[in-house]
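Structural description and commentary
If you want the building blocks of each chain, they are given just below.
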Amino acid sequence: MPTMEGGDRIKMPFILSSSPSQASVIYINPIYYIKMDRTHIFFSTVLMALSLNTSAETIEINGTERQYEVIKSEQPAPGVTYSRLRFTDSSFQLNVNMIVTDLSNPGCRVETWCAKESSRGIEAITSAASRLTSENLKPVAAANGNFWYCYGQNEYPTYNYIPRLLSIRNGVLVTELNTGREKWDGGAKRNGAVGITSDGHIYVDYFTPDYTLKMPTREMNINVCNKGVSAKYATAGELGIYNSYYGRDTKFMYVEIDENKKLIIDEEAADATEVLLDIDEGESWMTARDISFTVKSVKKNAPAGTLGDHDLALVARGTTKAKRLAELKVGDKVQLNYSFLVTGSNVTPQFEQAICGNALVMRDGELTEHNYNEEYNSMIYSRTAYGCDADNRKLYIIVIDKSTDPVYGKSRGCTTAEMCQIARHFGCSNLANFDAGGSAEMMYDGKIINTTTEATPRDVANGLMIFSTGMSAAIDTVISENSSAAPVEWYSVDGRRLSTEPTASGMYVRRRGNSSEKIFIEN
């Protein structure tokens, strides 16, 4: 194998298809031209068209074998594999971007990202990646996540840009999985949630939530997080919590539903009990355990206040809940516990990160009824989905286009059922469907790499972001004189694995781990 003097670093080329819909594919590659005389090596980047008679792989989708090609596959960080797939059948042309992350590898980490570190707002994924870059965490890839309240919905503009359903960032509850007033799109028994523990286990399933406030004399159920609190929805009223993701200077929301079923802010309301608390020393935010707080102030019959410099606010409205919360006194200790039972596993993990989509569409490798009983899922559309393998260690992020890419061609979009069958082929066991349309976006190598339905990639509310924990900021696949991260394998261009390094002149494929490049060798 040729070596490079001085540990030179070179970027590996990307493999692009100029006509991916053809059975005989023309690949245009930046190729490294290597002269193997063992005394010196020179590299010159050459654009070269090579006609290959490839035998495309197939996936059975809805009873039909569909051809696809792996246009690109590389490992940008330890445990992270990015693949671009092209389905080539004229009646089923698809551009698929997929990230598979092995969270048993300490070289990567996944976090929920929230637009502008807020429970209410939208932001470009690339902007969030830049903002979240640090010395120890370098963004590798990300995608959009939850549906969010927007124009035309009954909650707009009161809940404008707030994510629907569950979101947790670094142990802090940002928005709840509502089982009370909202129950959006069927509620928790239908919604597909994704939770990640601090030790790198991923759960994609139905989650049953439990939000409990433990007071010195009683316990109370919590209804909402960082959203509006109603006095009239239920006989007992509602209890809401607010934290820093809501904003320190933003007034708490007292809401009601008008005669047109629109959610509105009751500007005149002054019927709440508001309690401000600080987290106790040594405590930290985390699911599925009691978090201890100390009461710092109690206000009765209060107009809407703000969080200020405190860590938590409890706001209750309605005759029963407001009265009970008013039993608290300054100095009292209370415990907050928010936990989520994973239905399929019957476990209650300590989730550090979580997001939630409209429906669980695959469970234990079987497609669920939610693929067919909702128009949003059964229509041909762009898609974003998150999934996990059967061992709960690999996270799947899939973004499928409904657009025409200038390089890879037309992508028809797909149903969630078709998406499930693609994901299952690559080892995904459970899959949840997320916001799509113009929101379906995947960031990789610092830019949005799929072709969205809009001219400019849309700002979105949240999602999951993959970080490298110990690499340089650049997301380049490199090889060097001392590189030994994975063994080198050689293949002929028609896919035959070679037993030794090739010596004859010609074009070959060199693979190291999950990255490969075409190389022309001349003796």
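Residues numbered from 1 in each chain as written. Predicted model: local features only at pLDDT ≥ 70, side-chain atom pairs only at ≥ 80, totals over all residues. Heavy atoms only, no water.

Quick look at the pairing of strand E23 (residues 291–302)
Here strand E22 (residues 272–279) runs beside E23; their pairing, made up of seven bridges, is antiparallel. If you follow aspartate 278 over to E23, its bridge partner there is threonine 294. Relative to strand E25 (residues 333–342), E23 runs antiparallel, the two sharing four bridges. The residue of E25 that forms the bridge with phenylalanine 293 is valine 334. (Pairing = 2+ DSSP bridges. Helix = DSSP H or I, 4+ residues; strand = E, 2+ residues; numbered from the N terminus.)

Focus on the sheet that holds strand E18 (residues 229–230)
Strand order in the open sheet formed by three strands is E18-E20-E21, with mixed pairing between adjacent strands. Each edge of the open sheet carries a strand with a single partner, namely E18 and strand E21 (263–265). Of the pairings in the sheet, the one linking strand E20 (residues 254–257) to E21 comprises three bridges and is antiparallel in character. Of the residues in E21, the one forming a bridge with isoleucine 257 is leucine 263.

Description of helix H1 (residues 125–132)
Taken together, the buried positions of H1 are occupied by Ile125, Ala128, Ala129 and Leu132. Buried residues along H1 cover an arc of 100° about the axis, so they all sit on one side. Each element contacted by the buried residues of H1 is listed here: strand E9 (108–114), strand E10 (138–144), strand E11 (167–169), strand E34 (442–444), strand E35 (447–448) and strand E36 (462–468). (Buried < 20%, exposed > 50% of the residue type's maximum accessible area, 1.4 Å probe, protein only. Arc of directions from axis to C-beta. Contact = heavy atoms within 4.5 Å.)

Considering the pattern of salt bridges
Taken as a whole and assessed by the stated rule, the structure comprises 20 salt bridges. Linking glutamate 117 and arginine 169 is a salt bridge whose minimum nitrogen-to-oxygen distance equals 3.1 Å. In this pair, glutamate 117 is assigned in the loop between E9 and H1 and arginine 169 in strand E11, connecting sequence segments 52 residues apart. Classification of glutamate 117 by relative accessible area gives partly exposed; the value is 28%. Under the relative-accessibility criterion, arginine 169 is labelled buried at 7%. Glutamate 176 serves as the salt-bridge partner of lysine 227, at 3.4 Å between the closest nitrogen and oxygen. With lysine 227 in the loop between strand E17 (224–225) and E18 and glutamate 176 in the loop between strand E12 (172–175) and strand E13 (193–197), this residue pair connects regions lying 51 residues apart in the sequence. Overall, lysine 227 belongs to the buried group, its relative accessible area being 1%. When its relative accessible area of 1% is taken as the criterion, glutamate 176 is described as buried. Where salt bridges share partners, they join Arg109, Glu111, Glu117, Glu123, Arg131, Arg169 and Glu352 into one cluster. (Salt bridge = Lys/Arg side-chain N within 4 Å of Asp/Glu carboxyl O.)

What to know about the nonpolar core
Grouped burial of nonpolar side chains is what soluble globular proteins tend to show. Counting residues in hydrophobic clusters, the biggest one holds 41 residues, and the most contacted among them are Leu166, Leu173, Leu177, Phe207, Leu314 and Phe340. Ranked by residues supplied to this core, first place goes to E25 with five residues. With near-sequence residues (within four places) excluded, leucine 314 lies in contact with Leu213, Leu239, Gly240, Ile241, Thr273, Glu274, Val275, Leu277, Leu325 and Leu328. Val110, Val140, Ala432 and Ala440 belong to the second largest nonpolar core, which has 33 residues in total. (Core = buried A, V, L, I, M, F, W, Y, C linked by side-chain atoms within 4.5 Å.)

Note that every value here comes from positions in space, so none of it alone points to a role or purpose.
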